[in-house]
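Examining the three-dimensional arrangement
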There are 2 protein chains.
Amino acid sequence: MPPARQDEDTSPRRADAERNISTIMATALELFSTNAGVSMADVARSAGLGRVTVYAHFPSRAALLQALVRHSMAQAEQSMDAELTDGDAPADRMLARVIGATWRVLDRYRKLRVHALSELGSEWLSEQHDPVFQRVEKLIARGREQGVFRRDQPIGWMVTVVFSLIHTAGDEVEAGRLSSGEAPGLLRSTLGSALSPPA
Amino acid sequence: MPPARQDEDTSPRRADAERNISTIMATALELFSTNAGVSMADVARSAGLGRVTVYAHFPSRAALLQALVRHSMAQAEQSMDAELTDGDAPADRMLARVIGATWRVLDRYRKLRVHALSELGSEWLSEQHDPVFQRVEKLIARGREQGVFRRDQPIGWMVTVVFSLIHTAGDEVEAGRLSSGEAPGLLRSTLGSALSPPA
DNA sequence: CCTAAACCGTACAGGTGTGTACGAGTTATT
DNA sequence: AATAACTCGTACACACCTGTACGGTTTAGG
């Protein structure tokens with residue numbers, strides 16, 4: 001996790017501080033993504049640092065969570081854009097690739113979502129989701145014009161269905177009812193049918 | 001909420017106790033279903049009772065939550081069975097009706113799910129979900145034999161998709177991005193496509 | 001009407017978490 | 001080498017929640 005800093009850094013930090021911030025975020029991401037009921041003390045101990053040091057860099061628990069969400073979102077965007085390079089392939093093929101990419105990112109970070117949802121509010125989380133949301137929205141809009149996606153539903157609902165099922169697949173994997181390998185295939189076939197024009 | 005008691009009552013309770021139990025469950029159901037971060041004190045105050053009185057009937061917070069989940073599950077089963085009376089209509093038509101029934105029940109109780117999930121564990125919740133889960137599973141199995149449902153996916157995944165999307169629609173309504181009236185229609189069309197045999 | 005059941009408020013014990021204060025030690029950087 | 005940045009541990013203040021104990025009061029029901 002080398003590029004841990006997210007915003008503009010007004011104060012030039014020392015190298016060890018920089019390093020610790022990275023460690024904190026990496027450890028916290030690990031903890032928050034898998035376990036539930038994680039405290040700041042847990043994060044500090046797991047990172048091998050003092051609890052106070054953590055507060056020196058992240059003034060509150062909420063601030064840390066926000067940084068984590070922003071980081072994972074940025075990673076998701078990046079991962080999606082890497083898949084969206086060739087401009088105008090058929091949208092359904094494109095979506096299949098995007099599903100694979102999004103799945104990989106979301107397969108980590110699973111539980112981070114619920115933490116953020118309950119502690120930061122759904123509105124804030126929606127705002128953060130917006131960029132990646134819009135990418136899929138545009139993709140579906142293009143697929144509609146190409147005739148490969150259905151036109152009888154609000155586009156917002158269709159986007160929601162995409163992400164909802166991806167999240168669900170993650171939950172299923174975590175519950176042991178699904179293997180991480182077969183998830184993308186199921187997602188592709190289910191979403192393919194769900195988004196195609198009805199007969 | 002007159003039939004509040006769920007199990008066998010070994011000890012004959014007094015009438016006011018009976019009444020208070022009903023009040024507690026109704027109030028708690030209301031609170032847990034809409035708000036987040038509800039404490040026992042909140043429940044008691046909202047029910048107009050002393051906090052100690054609540055503990056007199058439900059020995060722990062977990063016990064109260066369990067009773068609530070069981071109650072809502074029983075309601076869901078009942079609501080589904082009312083829709084499954086006529087034995088062998090085509091399964092896809094049948095599913096459409098079941099969606100409507102399940103939707104109505106789930107439209108209340110929305111947030112209760114997350115509370116139960118985080119505080120009672122996903123395994124326990126799965127056990128409670130099992131009866132209603134199996135009803136849909138059987139319905140899908142019959143639909144497969146009738147040729148109206150797809151056969152290229154594990155049946156467990158298909159059932160999961162059904163409930164996942166219903167839950168998602170509930171979240172969308174709560175977020176104000178969807179009206180409670182149009183949800184069933186969207187669910188029916190989306191699930192219809194998702195479960196039908198692929199082209 | 002009388003008893004036992006059920007209620008009330010208050011208080012206590014124990015736990016967990018967040019955020020801050022302080023003084024002293026360590027390390028990077030110039 | 002000297003300074004400023006950083007880190008450490010400990011401790012404190014505060015808040016919140018759960019569960020229990022106690023003594024007094026109301027109320028249902030035979």
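No experiment lies behind these values; they were computed from the predicted model shown.

1. As for the domain arrangement of chain A
Residues and elements named next belong to chain A. If you check the domain split of chain A, you get domain 1 (15–59) and domain 2 (68–195). For domain 1 and domain 2, the distance between their C-alpha centroids amounts to 28 Å. Each partner contributes to the interface: domain 1 provides eight residues, whereas domain 2 provides eight residues. Its residues assigned to classes, the side of domain 1 that touches domain 2 shows five nonpolar, three polar and no charged.

2. Some details on the environment of Glu182 of chain A
Its location among the elements puts Glu182 of chain A in the loop between α8 (155–175) and α9 (183–195). Glu182 of chain A sits 61 residues away from Gly121 of chain A along the chain, and the two C-alpha atoms are 32 Å apart.

3. Here we look at the relation of the copies chain A and chain B
What connects the two chain copies is a rotation about an axis and a shift along it. Rotating chain A by 179° about the axis while translating it 0.0 Å along that axis superimposes it on chain B, leaving an RMSD of 0.1 Å. A rotation of that kind, with that shift, is consistent with a two-fold axis. Taking C-alpha positions as the reference, the residue of chain A nearest the rotation axis is Ala194 of chain A, at 2.2 Å. A symmetric contact is evident, with 100% of the interface residues of chain A recurring at the interface of chain B.

4. Focus on the interface of chain A and chain B
A common measure of how large an interface is: the accessible area buried when the components associate. On the side of chain B, 23 residues touch chain A, which itself brings 23 residues to the contact. Elements with a minimum of two residues in the side of chain A that touches chain B: α8 and α9 of chain A. Considering every element that reaches the side of chain A that touches chain B, the biggest residue donor is α8 of chain A, with nine residues. Its residues assigned to classes, the side of chain A that touches chain B shows nine nonpolar, 11 polar and three charged.

5. Topic: the protein's contact with DNA strand C
Within the structure, DNA strand C sits among 22 residues, and Ala15 and Ser60 of chain A together with Asn20, Gly50 and Thr53 of chain B are positioned closest to it. Of the residues assigned to the surface near DNA strand C, the class counts are 10 nonpolar, five polar and seven charged.

6. Quick word on the protein's contact with DNA strand D
Within the structure, DNA strand D sits among 22 residues, and Asn20, Gly50 and Thr53 of chain A together with Ala15 and Ser60 of chain B are positioned closest to it. Those elements that place two or more of their residues in the surface near DNA strand D are α1 (15–34) and α3 (51–57) of chain A together with α1 (15–34), α2 (40–47) and α3 (51–57) of chain B. The dominant element in the surface near DNA strand D, judged by the number of residues it contributes, is α3 of chain A, at four residues. By residue class, the composition of the surface near DNA strand D is 10 nonpolar, five polar and seven charged.

7. A word on the packing of α1 of chain B against helix α4 (residues 61–83) of chain B
Residue and element names in this part refer to chain B. Taken N-terminus to C-terminus, the directions of α1 and α4 make an angle of 85°; their axes are 10 Å apart at the nearest point. By the criterion of interaxial angle, the relationship of α1 to α4 is roughly perpendicular. Two secondary-structure elements touch here, α1 through Met25, Ala28, Leu29 and Phe32 and α4 through Leu64, Ala67, Leu68 and His71.

Rules and cut-offs
Residues numbered from 1 in each chain as written. Chains lettered and ligands numbered in written order. Predicted model: local features only at pLDDT ≥ 70, side-chain atom pairs only at ≥ 80, totals over all residues. Domains from an automatic or database assignment. Contact = placed C-beta atoms within 7 Å. Nonpolar A, V, L, I, M, F, W, Y, C, P; charged D, E, K, R; others polar. Helix = DSSP H or I, 4+ residues; strand = E, 2+ residues; numbered from the N terminus. Least-squares fit on C-alpha atoms with pLDDT ≥ 70 in both. Near = placed C-beta within 6 Å. Axes fitted to C-alpha atoms, helices over the stretch in contact; angles between N-to-C directions. Parallel < 35°, antiparallel > 145°, perpendicular 65-115°, else oblique.

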